[in-house]
Amino acid sequence: ALDKLEKMPDNFMKALVINGMAEVYLAQKNPELAKPLIEQAQKLAEESPYLSLKNEILETSQQYYALVKDIEKLELTKQKQDSVNEKIQDRRSEFINKSYTKLAEDNESAKAVSGQKNTVIVAIFAGFLLVLGLFLSYRKRQQYKYKKFQEIINKLELEQSVPYQP
C-alpha cells in the first residue's frame with residue numbers, strides 16, 4: 001500500500017490514507033511504525049487548506065504522543081488542535097452569517113417582487129371592474145333606448161290604427 005501511495009500526488013486523500021494507516025499502527029500499539037506516517041501526514045496537512053484534515057491528523061498525533069507518553073508534545077498538539085477547531089468554528093459561523101444575510105436579502109427581494117405582482121394584479125382587476133361597469137352601463141342605456149324606441153313605435157302604430165278625424 002505504501003508503494004502505491006508514493007505514486008499518488010500529495011493531496012487530501014493521500015494524507016487521509018497515511019493518517020488511517022498510522023491509526024492502525026497506533027491501535028496495534030506499534031508507535032515506531034506510526035511515527036513516520038504521522039510526520040508525513042502532518043507535512044501534507046500543513047500544505048493543505050483543509051482544516052478538517054489538519055484536525056484529523058492532530059487527533060492522530062495526540063494518540064501517538066499519549067501512547068509514547070510525551071506530555072510536552074501532547075500539550076503542543078492539543079493547543080494546535082484547539083486553534084484549528086477555533087478556525088473551523090469561525091468559518092462555520094461566518095458561513096452561517098453569510099447564509100442568513102443572503103437569505104434575508106433574498107426574502108426582501110421576493111417581497112418586493114411579490115408587491116409588484118400584487119400591484120399589477122390589483123390594477124388588472126380594477127381595469128376589469130371598470131370595463132364591466134362600462135359594459136353594464138352601456139347595456140342599461142341600450143335597453144332604455146330600446147324601450148323608448150318601442151314605446152314610440154307602439155304610439156305611432158296606435159295613431160295609425162285609429163282613423164284620422166279632422
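For the structure itself, look to the data block above.
What comes next concerns the included structure. (Residues numbered from 1 in each chain as written. Predicted model: local features only at pLDDT ≥ 70, side-chain atom pairs only at ≥ 80, totals over all residues. Heavy atoms only, no water.)

For the rest of this paragraph, the subject is the pattern of salt bridges. All told, the structure shown has four salt bridges when counted by the stated rule. Between Glu94 and Lys98 there is a salt bridge whose closest N-O contact spans 3.2 Å. Note that Glu94 and Lys98 are positioned in helix α5 (residues 71-161) at a spacing of four residues, about one turn of the helix. The exposure class assigned to Glu94 is partly exposed, which follows from its relative accessible area of 42%. (Salt bridge = Lys/Arg side-chain N within 4 Å of Asp/Glu carboxyl O. Helix = DSSP H or I, 4+ residues; strand = E, 2+ residues; numbered from the N terminus. Buried < 20%, exposed > 50% of the residue type's maximum accessible area, 1.4 Å probe, protein only.)

Now for the nonpolar core. Membership of the largest hydrophobic core comes to 16 residues, with the highest contact counts inside it found for Ile18, Ile38 and Ile57. Elements supplying a minimum of two residues to this core: α2 (12-27), α3 (31-47) and α4 (51-67). Looking at this core, the element that brings in the most residues is α3, giving six residues. With near-sequence residues (within four places) excluded, Ile57 lies in contact with Ala15, Asn19, Ala41, Gln42 and Ala45. (Core = buried A, V, L, I, M, F, W, Y, C linked by side-chain atoms within 4.5 Å. Contact = heavy atoms within 4.5 Å.)

Before going further, it helps to examine α2. Taking 1.5 Å of rise per residue, 16 residues should cover 22 Å, and α2 covers 22 Å from first to last C-alpha, within 8% of that figure. Backbone nitrogen of Met13 and a side-chain oxygen of the N-cap are separated by 3.2 Å at the start of α2; the cap is Asn11. Lys29 occupies a position one or two residues after α2 and carries a positive phi of about 60 degrees. (Expected span 1.5 Å × (residues − 1). Polar contact = N/O pair within 3.5 Å; in protein donor to acceptor, adjacent residues only side chain to side chain.)

The next thing to look at is α5. Helix length check: α5, at 91 residues, gives a terminal C-alpha distance of 131 Å against a target of 135 Å (1.5 Å per residue), a fit within 8%. Within α5 the residues assigned to the buried category are Thr77, Gln81, Val84 and Ile88. Elements that come into contact with the buried residues of α5 comprise α4.

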